[in-house]
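Structural features, examined
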Amino acid sequence: MFAPTPLPVITSFPAARREPLHRRLLRGAGRAYQWVEVALDRLVAPALNPLYHTGTIAVFSLAVATVTGIYLFLFYRVGTAAAHASVEAIVAHPFGIGALMRSLHRYSSDAAIVAAALHGLKMLLNDRFWGPRWIGWVTGLALLAFVWFTGATGYWLVWDAQALVLSVTTAKFLDVLPFFAEPIVQTFVANDRIQNFLFFIVLFIHVTVPLVLGALYWIHVMRLARARFLPPRVVLWVTGVALTAASVLRPALSGPPADPTVVPASIPVDWFYFPYFPLTALDPRLAWGIATVFALVVLAVPWLLRGAAPATARVETPACTGCTRCYKDCPYEAIVMVARTDGSRYKTQAVVNPARCVGCGICVGACDSGGIVLGDEPIGVLASAVTTRLAESRASGHDPILVYTCRLMASLEGHLVPVARAGSGHGVLRDVPGAVVMGLPCVGLIHPDLLGQAVAAGARGVYIAGCIPEDCQFREGSTWLAQRLAGARLPALRDAPGVRVGVEWYSPVERARFMRDLAAFARDLA
Amino acid sequence: VSRAAVTLPQHGPRPHQMAVFIVVLSVVSWGLGAFAAWPWSPGGPRTAYVRVSVKHVTPPLAVAQVLSADELAKLPPHMRPQGGAPTSAGRRADAVLTLELDGRPVLTRTLRPTGLHRDGPIHAYEEIRVAPGRHRVTVRLASAQGSGPTETRALGRDVDVSPGQVLLFEHVAGTGWRE
């Protein structure tokens, strides 16, 4: 019997400790969301799944709104009568150009706010909002608020019945504050009280706030290496086609002109922007209370729902050769190259900024010299743990397969059993004899040399179950791994006679597909 | 094999997935168009409104003070009241707004002057729902005149209110009630 050794701190079986209730609820909601993603994956393929590109679809939609907005700006006129009339005149432009521009402007604004909201929901339910990622969460909320504000002012400029409802409800909301000497709502008791100057102010806000959006967006992605601004080309084109189709088939129309002496029986409302309209009958003070509590809670989410701090990376300077691979591969710009301080023959060394490190370990997989440790443990600890577990498995009569996986571990834990003795800290899949599972934060942590070492230690083959690249928990781990194994990225897989490696991508909830694929891989090895 | 045998995923969209993608996008397009202009009834059926908007300057509570020549001389030139007019007496009086519908009071509000020293005008904006039909609407604005009698400004009208109509009763400072 082999003496069991504890697993490296970076492995995720068995779970280090039971998470509190709010974290388990969040994970449960996350699994429900991931099933929706899986359903779309199977319907349209991951490469086309719009739920994996919500952030970039929002940016693209805002770009469309900006371009079409310039066209509308050229023909827009201010004034209670002129505003509505000018928008109607734009819609009547020859060849349907004006109608198309106006409709694209509206629907791209809608698509932007929907995509941005879905993006935030995805980040929340996939646990990507705390630790160093708090800044993305907070600036994302600010972006969403500014997108809403910009869109709302755009609706106001049309000065139709919806704009009047927006004006009156917003004015009542603001009038609760003790800042205004005169109730703003009195401005809207009659059209002749509304001065053209107010239209200029709102138009100015509508045009200039997008500049703030640009600055906020820069902060939003400043901690991301190789931040993507636009979706993949095919998704970009089909998003554009979808917006155009909506514009042609269902052109955006104004409501009736704003008339404060009439409450229309029915008005068209953009529910993407104004879902709260039915609540405007509430006392404004209650509305302020609800809005304030909601905003504070949502802003505090990165601290209220945070998980256990991950093991972060650190550079063992004497071993660092200054090759810059970790610096290039880090998806969060948490590594910088600085001048050497230890008198080594290498000119530079890598330094990890722990405030930015999310503990993915991609840098560990990029390092040839073992110069980076994760959680104070070098990759050699993982390799020796794998060797031990494979040996234990062979001693138990199995012909083992080594499985490396990441987020899928959450679905596997109930299906893993210890083989040597309880508490030895390694898992073998109950349904696939001899499958030794090592859960990692990210499969990008796998240095290609680990695969050869595993086979040398007795594994029949190695199966890697990573995240779908479009949805990698750490952005680029799956992509870098695939490129390393294909020899397209350093460190590349070296000649390793006899090593059989299978790689597949899974959503964290796709346990059944993983089991089928792994069983097929095991049969192929036999 | 001299090199490791690696099987990497190759998942491009298949033709039927492209077709489903187009269907999904069509549904999304329809959803965008539909929910960007879904009808809503802001007042509910068979509803009308009476709105009351008030701006009024009530008189000062305290007796106005007339400065003596010596007091005027101590003031900087730009702060001296023109023509020996009284100086500001500070806080102004509250006013009471009452709205009666068919002789029945449906709204009573005590309105305080604005400003830190309560020496500004009073403002109010009130809105009540009424059933369509013929109504007698009376609005009153009562404010104390210092130590003198209360001044009441009232307007009463018999009106036919149709569904969706908004009746505005507006009190303009210096002018009084107007419809």
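Nothing here was measured: the structure is a model prediction, and the numbers come from that model. (Residues numbered from 1 in each chain as written. Chains lettered and ligands numbered in written order. Predicted model: local features only at pLDDT ≥ 70, side-chain atom pairs only at ≥ 80, totals over all residues. Heavy atoms only, no water.)

1. A few points about the overall build of chain A
- Counting its regular elements, chain A contains 16 helices and 11 strands.
- Structurally, chain A occupies a C-alpha span of about 90 × 55 × 50 Å along its principal axes.
- Residues classed as buried in chain A amount to 52% of the 526 residues present.
- A fraction of 77% describes how many contacts in chain A between residues 6 or more apart in sequence connect residues 24 or more apart.
- Computing the positive centroid from 44 side-chain charges and the negative centroid from 33, chain A places the two 4 Å apart. (Helix = DSSP H or I, 4+ residues; strand = E, 2+ residues; numbered from the N terminus. Buried < 20%, exposed > 50% of the residue type's maximum accessible area, 1.4 Å probe, protein only. Contact = heavy atoms within 4.5 Å. Lys, Arg positive; Asp, Glu negative; His and termini not counted. Charge placed at Lys NZ, Arg CZ, Asp CG, Glu CD.)

2. Comments concerning the overall build of chain B
- Counting its secondary structure elements, chain B contains two helices and 10 strands.
- The order of helices and strands in chain B, counted from the N terminus, is β-α-β-β-α-β-β-β-β-β-β-β.
- Burial statistics for chain B: of 179 residues in total, 36% are counted as buried.
- In chain B, once contacts between residues fewer than 6 apart in sequence are set aside, the share between residues at least 24 apart is 62%.

3. Observations regarding the sheet that holds strand S9 (residues 166-172) of chain B
Residues and elements named next belong to chain B.
- Spatially, the four strands line up as an open sheet ordered S6-S3-S9-S10, and their pairing is mixed. Strands with a single pairing partner mark the edges of an open sheet, and in this sheet they are strand S6 (122-130) and strand S10 (176-178). Across the sheet, the mean angle from the axis of one strand to that of its neighbour is 15°, orientation sign disregarded.
- Bridge analysis of S9 against S10 gives three bridges, and the strand direction is antiparallel. Looking at S10, one finds that Val172 is bridged to Gly176. (Pairing = 2+ DSSP bridges. Axes fitted to C-alpha atoms, helices over the stretch in contact; angles between N-to-C directions.)

4. Details of the state of the cysteines
Residues and elements named next belong to chain A.
- In this structure the tally under the stated criterion is zero disulfides over all chains.
- With no disulfide of its own, Cys323 lies closest to Cys326 among cysteine sulfurs, the gap being 5.9 Å.
- Here Cys442 is not disulfide-linked; the sulfur of Cys472 is the nearest cysteine sulfur, at 4.3 Å.
- With a relative accessible area of 2%, Cys442 lands in the buried category. (Disulfide = S-S within 2.5 Å.)

5. As for a nonpolar patch on the surface
Residues and elements named next belong to chain A.
- Where nonpolar side chains cluster on the molecular surface, the patch consists of Ile70, Phe73, Leu74, Phe75 and Val207 and spans about 480 Å² of accessible area.
- Here the nonpolar patch gets four residues from one element, more than from any other, and that element is helix H2 (residues 54-75).
- With respect to the helices and strands, the residue Phe75 is situated in helix H2.
- On the accessibility criterion, Phe75 (34% relative accessible area) is partly exposed. (Patch = residues over 30% accessible without salt bridge, like charges linked within 9 Å, V, L, I, M, F, W, Y side chains within 5 Å. Areas by Shrake-Rupley, 256 points an atom, 1.4 Å probe, with all protein chains shown as cover. Salt bridge = Lys/Arg side-chain N within 4 Å of Asp/Glu carboxyl O.)

6. Some points on the packing of helix H3 (residues 80-91) of chain A against helix H4 (residues 97-125) of chain A
- Here H3 of chain A crosses H4 of chain A at 115°, and the two axes come no closer than 6 Å. In this structure, H3 of chain A contributes Val87, Ile90 and Val91 of chain A to the contact, and H4 of chain A contributes Gly98, Ala99 and Arg102 of chain A.

7. Quick notes on the interface of chain A and chain B
- The interface is formed by 61 residues belonging to chain A together with 48 residues belonging to chain B.
- Counting each side, the surface lost to burial between chain A and chain B is near 4500 Å², with a carbon and sulfur contribution of 62%.
- Considering only the surface of chain A that becomes buried against chain B, Arg250, Val263 and Trp271 of chain A emerge as the three largest contributors, covering 13% of it.
- With its nearest N and O atoms 2.3 Å apart, the salt bridge here joins Arg193 of chain A to Glu170 of chain B.
- Counting every contact that joins chain A to chain B gives 21 residue pairs in polar contact (both at pLDDT 80 or more).
- At the level of secondary structure, the elements contributing two or more residues to the side of chain A that touches chain B comprise helix H1 (21-44), H4, helix H6 (161-175), helix H8 (233-249), strand S1 (267-269), helix H15 (477-485) and strand S11 (500-506) of chain A.
- Ranked by the residues each element gives to the side of chain A that touches chain B, the list is headed by S11 of chain A, at six residues.
- For the side of chain A that touches chain B, a count of residues per class yields 42 nonpolar, six polar and 13 charged.
- Relative to strand S1 (residues 5-7) of chain B, S11 of chain A runs parallel, the two being bridged by three bridges. (Buried area = accessible area lost by both parts, 1.4 Å probe. Polar contact = N/O pair within 3.5 Å; in protein donor to acceptor, adjacent residues only side chain to side chain. Nonpolar A, V, L, I, M, F, W, Y, C, P; charged D, E, K, R; others polar.)

8. Regarding the pattern of salt bridges
All names here are of chain A.
- One pass over the structure, following the stated rule, counts 35 salt bridges over all chains.
- For Arg340, the salt bridge goes to Asp342, with nearest N and O atoms at 2.9 Å.
- As a salt-bridge pair, Asp399 and Arg460 come within 3.4 Å of each other at their nearest N and O atoms. Remark: Arg460 occurs in the loop between helix H14 (449-456) and strand S10 (462-467) and Asp399 occurs in the loop between helix H12 (379-395) and strand S6 (401-405); sequence separation between them is 61 residues.
- Looking at Asp399, the relative accessible area reads 38%, which means it is partly exposed.

9. With respect to the pairing of S6 of chain B
Residues and elements named next belong to chain B.
- Counting buried positions along S6 yields seven of nine residues, so the element is predominantly enclosed.
- Examined bridge by bridge, strand S3 (residues 48-56) and S6 share nine bridges and lie antiparallel to one another. Residue pairing in the sheet places Arg51 in a bridge with Glu127 of S6.

10. What about unusual backbone geometry?
Residues and elements named next belong to chain A.
- The omega torsion across Leu490 and Pro491 is -5°, close enough to zero to call that bond cis.
- In this fold, Pro491 is placed in the loop between H15 and S11.
- One non-glycine residue, Glu333, lies in positive phi territory at about 50°.
- The phi dihedral of Asp376 is positive, around 65°, even though this residue is not glycine.

11. Some details on helix H9 (residues 284-304) of chain A
All names here are of chain A.
- Between its first and last C-alpha atoms H9 spans 28 Å; for 21 residues at 1.5 Å apiece the expected length is 30 Å, and the two agree.
- Within the sequence span of H9, burial applies to Val298, Val301 and Pro302.
- Each element contacted by the buried residues of H9 is listed here: H4 and helix H5 (134-158).
- Between the side-chain oxygen of the N-cap and the backbone nitrogen of Arg285 there are 2.7 Å, and the N-cap of H9 in question is Asp283. (Expected span 1.5 Å × (residues − 1).)

12. So, the nonpolar core
All names here are of chain A.
- Counting residues in hydrophobic clusters, the biggest one holds 60 residues, and the most contacted among them are Ile372, Leu402, Tyr404, Ile446, Leu451 and Ile464.
- Setting aside its immediate chain neighbours within four residues, Ile372 contacts Ala313, Arg314, Val315, Cys326, Ile335, Cys363, Val364 and Cys367.
- Counting 44 residues, the second largest nonpolar core, distinct from the first, contains Ala152, Phe199, Val221 and Trp271. (Core = buried A, V, L, I, M, F, W, Y, C linked by side-chain atoms within 4.5 Å.)

13. Some words on the confidence of the model for chain B
- For chain B, per-residue confidence averages 85 on the pLDDT scale, and residues scoring 70 or more make up 89% of the total.
- Model confidence for the complex is summarised by a pTM of 0.90, with the ipTM given as 0.81. (pLDDT = per-residue confidence, 0-100.)

14. Brief notes about the packing of aromatic side chains
- For the structure shown, the criterion picks out 24 aromatic pairs over all chains.
- Each ring, one from Trp159 of chain A and one from Phe199 of chain A, has its centre 6.0 Å from the other, and the planes form 80°; the classification is edge-to-face. One end of the pair, Trp159 of chain A, is in the loop between H5 and H6; the other, Phe199 of chain A, is in helix H7 (residues 196-221), with 40 residues separating them in the sequence.
- Here Phe274 of chain A and Tyr276 of chain A contribute two aromatic rings whose centre-to-centre distance is 6.2 Å and whose plane-to-plane angle is 80°, an arrangement assigned as edge-to-face.
- Taking the relative accessible area as the measure of exposure, Tyr276 of chain A reaches 27% and is therefore partly exposed.
- Grouping aromatic residues by their ring pairs yields a cluster made of Trp148, Tyr155, Trp271, Tyr273, Phe274, Tyr276 and Phe277 of chain A together with Trp40 of chain B.
- Lying across the ring of Trp480 of chain A, Arg489 of chain A places its NZ or CZ 3.5 Å from the centre.
- Lying over the aromatic face of Tyr49 of chain B, Arg51 of chain B brings its terminal NZ or CZ to 6.0 Å of the ring centre. (Phe/Tyr/Trp six-rings, centres within 6.5 Å; stacked < 30°, edge-to-face > 60°. Lys NZ or Arg CZ within 6 Å of the ring centre and 35° of its normal.)

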